[in-house]
Amino acid sequence: MLLRLLMPCIIFVLCGLISPKVNAKSDIIIILDDLGYRPSDVAAFSLPKEITFSILPQTPLASEIAHRAEQEGRAVMLHMPMQAQNGKNMGPLGLTTDMFAGAITYNLRKAMKSVPNAVGVNNHMGSAFTGQQEGMEALLKEVKRQGLFFVDSRTTVLTKGEEIAQRLGVPSASRQVFLDHKLEPAFLLKQFNQMKRIAKKNGHVVVIGHPHPETVSFLNTHLPALEKEGFTLTSVADYFSHAPKVAKQFGKERNQTAQLTRLDVKKIGSEISEQNTFVSSGFVQSTLSKESTFSKEMTERSATAPNE
């Protein structure tokens, strides 16, 4: 009789074991920019697959990195070069403020061909380009046509990126923390702690770093502790799950995972039902199965806009 009264509690505990955690957690989205030039960039694959790689178009390793990332189920973005106020070299297919809309669309489409599995776009440099309306509208209209999302790297406080993206209905977000514009352990830790503070306050944070050996080593050391501290390392594929290209590339995998979870719940429910039969007949059965060198001109540095 006592066991029969306790069965609802047992069922509740069992369901808790297989259900998603209901505890409120803070999402941390980390994007590594500038991949594609240096052979050492491949060291970034040692990081969890939730870390997103943003690849520069038409770079020597763009195709190799994009292909390997796809094999590992890792989301990839296009790191689209855009004109900076300081006039630094953007690299191939850069967008300039004097371009007509057609040229902007052409360059973006060509860039996407070199990173065909990219599900989103963020700007490389761009303190000049992202601050002007016509060019950003042309860019984001094409982003929308391709079913992508946009992350504004915010290399200038005058950027119009996310504002225009929201008006056009493009899934979007803005960078909140630059992790590694100084490659010093104390500075990396300072930015990492700032990341955690923002995540706790807002429920999520978007972080941009680079595949420097120092950054990769730092992240490998400090990321494992995040979950115990109440943070969730989140892929852009999950954060932007509503973006059409994300849904197309990752939706099937997500649906399969959800289906497996439902099947597990059904199986446990069946096992509990069997346990009830044993209890009612006087028996109790408990079963719980359970990296060419990257040009300094391409390095993004500045006191006011570290990513440029």
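Residues numbered from 1 in each chain as written. Predicted model: local features only at pLDDT ≥ 70, side-chain atom pairs only at ≥ 80, totals over all residues. Heavy atoms only, no water.

### Examining helix 7 (residues 213-222)
- Of the positions making up helix 7, those classed as buried are Thr215, Val216, Phe218 and Leu219. Angular distribution of buried residues about the axis of helix 7 spans 165°; they occupy a single face of the element. For helix 7, the exposed residues lying more than 90 degrees away from the buried face are Pro213 and Thr221.
- Looking at the buried residues of helix 7, the elements they touch are strand 1 (26-35) and helix 6 (185-202). (Buried < 20%, exposed > 50% of the residue type's maximum accessible area, 1.4 Å probe, protein only. Helix = DSSP H or I, 4+ residues; strand = E, 2+ residues; numbered from the N terminus. Arc of directions from axis to C-beta. Contact = heavy atoms within 4.5 Å.)

### Focus on the packing of aromatic side chains
- Following the criterion strictly, the structure yields four aromatic pairs and no others.
- Pairing phenylalanine 192 with phenylalanine 218 gives two aromatic rings, centres 5.4 Å apart and planes at 80°, and the pair type is edge-to-face. One end of the pair, phenylalanine 192, is in helix 6; the other, phenylalanine 218, is in helix 7, with 26 residues separating them in the sequence. Phenylalanine 218 carries the same exposure label as phenylalanine 192, and that label is buried.
- Relative to phenylalanine 240, the ring of tyrosine 239 has its centre 5.1 Å away and its plane inclined at 90°; by these criteria the two rings are edge-to-face.
- Members of the aromatic cluster, connected to one another through ring pairs, are Phe149, Tyr239 and Phe240. (Phe/Tyr/Trp six-rings, centres within 6.5 Å; stacked < 30°, edge-to-face > 60°.)

### Looking at the pairing of strand 1
- Of all 10 residues that make up strand 1, nine are buried, and the element is covered over most of its length.
- When strand 1 meets strand 9 (residues 231-233), the two strands line up parallel, connected through three bridges. The partner of aspartate 27 across the bridge, within strand 9, is threonine 232.
- Sheet topology places strand 1 next to strand 8 (residues 204-209); six bridges connect them, and they run parallel. Counted as the bridge partner of aspartate 27 is histidine 204 from strand 8. (Pairing = 2+ DSSP bridges.)

### Side note on unusual backbone geometry
- For aspartate 34, which is not a glycine, the phi torsion comes out positive at approximately 70°.
- With respect to the helices and strands, the residue aspartate 34 is situated in strand 1.
- If you check the backbone angles, arginine 154 has positive phi at about 55° while not being a glycine.
- If you trace the backbone, arginine 154 turns up in the loop between strand 5 (149-152) and helix 5 (161-168).
- Note on arginine 154: relative accessible area 29%, which makes it partly exposed.

### Structural notes on the pattern of salt bridges
- Under the definition given, this model contains seven salt bridges.
- Here aspartate 41 ties to arginine 38 by a salt bridge, and the two come within 3.2 Å at their closest N and O atoms. Accessibility classification places aspartate 41 together with arginine 38 in one group, the buried group.
- One salt bridge in this structure joins arginine 167 and glutamate 137, with 2.8 Å as the shortest N-O distance. Of this pair, arginine 167 sits in helix 5 while glutamate 137 sits in helix 4 (residues 133-145), placing them 30 residues apart in sequence.
- A network of salt bridges, in which partner residues are shared, links Arg68, Glu72 and Arg74. (Salt bridge = Lys/Arg side-chain N within 4 Å of Asp/Glu carboxyl O.)

### Details of the side chain of glutamine 132
- Mapped onto the elements, glutamine 132 comes out in the loop between strand 4 (120-125) and helix 4.
- Among the polar contacts made by the side chain of glutamine 132, one reaches the main-chain carbonyl oxygen of phenylalanine 129 at a distance of 3.0 Å.
- From its side chain, glutamine 132 meets the backbone nitrogen of glycine 135 in a polar contact 3.2 Å long.
- Once you skip the residues sitting within four places of it in the chain, glutamine 132 turns out to touch Thr97 and Lys160. (Polar contact = N/O pair within 3.5 Å; in protein donor to acceptor, adjacent residues only side chain to side chain.)

### Focus: the confidence of the model for the protein chain
- Averaged over all residues, the pLDDT of the protein chain equals 83, while 74% of them reach at least 70.
- Contacts of residues 15-23 to residues separated by more than four positions or lying in other chains number seven contacts, the stretch itself having pLDDT below 50.
- Per-residue pLDDT stays below 50 along residues 255-305; that stretch engages in 69 contacts with residues further than four places along the chain or on separate chains. (pLDDT = per-residue confidence, 0-100.)

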